[in-house]
Amino acid sequence: MTTAPWRDPALPAEARARDLLARMTLEEKTAQLYGVWVGAATDGDGVAPNQVEMTSDYDWDELITHGLGQLTRSFGSAPVDPALGAQALARAQRRIAGAGRFGIPAVAHEECLAGFTAWGATAYPVPLAWGATFDPALVEEMAHRIGKDLASVGVHQGLAPVLDVVRDPRWGRVEETIGEDPYLVGTIGAAYVRGLESAGVIATLKHFAGYASSAGARNLAPVRAGVREFADITLPPFEFALREGGARSVMAAYTDTDGVPASSDPYLLTELLREQWQFTGTVVSDYFGVGFLETLHRVAGTKAEAAHAALAAGIDVELPTLRCYGDPLVEAVRAGTIPESLVDRAAARVLRQKCELGLLDEDWTPEPTGPIDLDSTANRVLARRLAEESVVLLSNPDGLLPLAPDTRIAVVGPRAADALAMLGCYSFPSHVGINHPDQPMGIEIPTLLESLRTELPDAKVTFTEGCDTTDPDTSGFAEAVARSAEADVCVAVLGDRAGLFGRGTSGEGCDVGDLQLPGVQAQLLDTLTATGTPVILVLLTGRPYALGRWHGQLAASVQAFFPGEEGGPAVAGVLSGRVNPSGRLPVSVPQTPGGQPWTYLQPPLGLAGTVSNLDPTPLHPFGHGLGYTDFAWEDIEDGAKDGEATEIGTDDSYDVSVTVRNTGPREGTEVVQLYLHDPVARVTRPDVRLIGYHRLTLAPGKARRITFTFHPDLSAFTDGKGQRVVEPGALELRLSKSSTNTHHTTHVTLTGPERHLGPDRQLRCASRETEAY
């Protein structure tokens, strides 16, 4: 028996895909270019707006005779026992493969933003919490475990990570981002991609590109970012994730930039992504994104025109529907209005990826081969570590934290006794489970109240909500005051309720007009601080909120960004002192609700000055975080003599070293941050920006030496001609504990010719840790 070339795993995937493509009909080729959301509702309420009108009715048995590109969210649409779900997915794949001439199964994809979005799967901290860890290695380990769980039930592609850089914290999806700095987002995002891909699962970069720069922080609003902002802030995290992570898929953003929707932008999806960056994977639409070219953007008059625009731009797969890439595309190709070559180009990419996944091999099997446990003990241990590392101690002026073990504690607030307070909007319980109130949550999620009682068994802990997260009722304030008066300390647990499209205070489509705490929580905090009982504020949120109103009134403040199923014990551990907090802010905490939007990446005119009465200076800056021990930074070596600037060539490298010593009473973690200040450039530059960081843990009295290797490529920026340049001249390298807390400044002068950089430029500032002498 002769095996067709496309079945031969010894041949290159490219050759196999070409051979198979040549054998396929137009209908079979287009069938590879769309996904089907089997669990999507076609009447009533869906998960998202526009879902009902954008989801087509079809005959499943007839549809799969031509094949199928992707299966959408078999586990993420309703509560499904993982083992039964894996069997059902395997049966569906057998039917798909058996119905077509070539026996090609579908790529099954799922959401995995903060863990596999499936019933019974581990709910890890949200990406904003990953950013707070400043720990790429731990994020990579988490992503590998997520990938193994996805693969164990037959899922091939994960729709994560989100690489949008926060530009306005009022945007609802801030919780899904890693932070407000492109270097932090890029390094953490690339680590997530490496982890997922190491498990054999395709990572999908979201949302390419500019989505987080939407005007007024409104979801899907137009993007008005300039060319340099786009090039220097929006795009670098995607370059990190492709070059260092090896991501094999990219998702086009919903938004339009300067009038051009990302889903129909050939410069973005083909010229930049494929020709300049040499990306060879697949580009998928965001859900219904191709159809939105007709219905929302109105740059296409028909479904076929939308298909043409998206295909020509470079979108290979329409998700999660066949609205445009189904019959409308076939009919337009037959009529000669869409070149079949566009279909062939996209189908070849899809088939090549299916080859790489082993889906075209003769020995392919969809049945699970091992035990299925989506919330294993190992997962929970890792979720706890991530949560503990992500908690940020914002203030502790009088050292009230850690709490005494036998203290009287009044726990007050609407987030203290609600398990959902720990979860972001893409966790299964918040995303899907909320629509199935009669179903158990599927995972154990200790609340902060429960965790604090476990953590401090000798303490007397009382509790009252005081108010709801969003309801304006203040009738519970009196009880809150009474409980606080009886206690030595009040722990006020406030924050967000994650949801979708206005059904929460944080999450997709849950944008806000200002950065005041939701509902009447600010008034509750005012009431508590007026009692005279020391108040420790604990925030469980998906974005930063303005806290300047209580500056100087709080005994301590703790920030946790939706820390996941183990977040309760993690935060309680920080309060008790079992955990020495080590998180650092991935986003600035503002002074006032209206002093925003603002991130720390501001040029001079974005800083406080005499030309405006509004002061945007944050209360707590990017990179800030405290702990329960002290560190000394010693023996700084930068090659400078007598404080003079050191000259290096525009293509040389330069080392800056510092010894970090734990001078405090207990083990702790320091995060050494390196920032760049460019005093003079031909275009305005951020006053400071992060170019390197190193996280290290030291026992009392111990020290380690940290060395950063700076390359001038890290000083590059996009000039007025759209070229990325390294400009000769003076620079400052600032060893810092946050974006505003500089410990040492090194002066460097770049000499030699101006350099124009391409996509192979240095992205990372390497750091190494050695013995201290």
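The structure this text deals with has already been given above.
Residues numbered from 1 in each chain as written. Predicted model: local features only at pLDDT ≥ 70, side-chain atom pairs only at ≥ 80, totals over all residues. Heavy atoms only, no water.

A.B. asks: I'd like a description of the pattern of salt bridges, backed by residues and values.
C.D. replies: A full pass over the atoms with the stated rule returns 51 salt bridges. A salt bridge links Arg761 to Glu239; the nearest nitrogen and oxygen atoms lie 2.8 Å apart. Here Glu239 lies in helix H10 (residues 236-243) and Arg761 lies in the loop between strand S26 (755-756) and strand S27 (766-771), a separation of 522 residues in the sequence. Per residue, the accessibility class of Arg761 equals that of Glu239, and both read buried. Salt bridges sharing common partners tie together Asp375, Arg380, Arg384, Glu565 and Glu566. (Salt bridge = Lys/Arg side-chain N within 4 Å of Asp/Glu carboxyl O. Helix = DSSP H or I, 4+ residues; strand = E, 2+ residues; numbered from the N terminus. Buried < 20%, exposed > 50% of the residue type's maximum accessible area, 1.4 Å probe, protein only.)

A.B. asks: Which residues make up the packing of aromatic side chains, and what values do they have?
C.D. replies: Taken as a whole and judged by the stated rule, the model has 17 aromatic pairs. Geometrically, the ring pair formed by Trp6 and Phe102 is edge-to-face, given 5.8 Å between the ring centres and 85° between the ring planes. You can see Trp6 sitting in the segment before helix H1 (13-23) and its partner Phe102 sitting in the loop between helix H5 (82-99) and strand S3 (107-110), a full 96 residues away along the chain. Each of the two residues, Trp6 as well as Phe102, counts as buried. Between Tyr287 and Phe288, the ring centres sit 6.3 Å apart and the planes meet at 70°, which makes this aromatic pair edge-to-face. When its relative accessible area of 8% is taken as the criterion, Tyr287 is described as buried. (Phe/Tyr/Trp six-rings, centres within 6.5 Å; stacked < 30°, edge-to-face > 60°.)

A.B. asks: Give me the environment of Tyr628: which residues, what numbers.
C.D. replies: Among the structural elements, Tyr628 can be located in the loop between helix H21 (567-576) and strand S16 (631-637). Sequence spacing of Tyr628 and Thr669 is 41 residues, and the spatial spacing of their C-alpha atoms is 9.6 Å. In contact with Tyr628, not counting residues within four places along its chain, are Leu393, Asn396, Leu401, Pro402, Val574, Gly577, Val579, Asn580, Pro581, Pro665 and Arg666. Here Val574 takes part through its backbone oxygen, which lies 2.7 Å from a polar atom of the side chain of Tyr628. (Contact = heavy atoms within 4.5 Å. Polar contact = N/O pair within 3.5 Å; in protein donor to acceptor, adjacent residues only side chain to side chain.)

A.B. asks: Outline the environment of Leu676, listing residues and values.
C.D. replies: As for its position among the elements, Leu676 is in strand S19 (residues 668-677). The buried category is assigned to Leu676, whose relative accessible area is 3%. With 12 residues separating them in the primary sequence, Leu676 and Val688 have C-alpha atoms 5.4 Å apart. Sequence-distant contacts of Leu676, defined by excluding residues within four places in its chain, comprise Asp687, Val688, Arg689, Ile691, Phe710, Leu714, Ser715, Leu731, Glu732 and Leu733.

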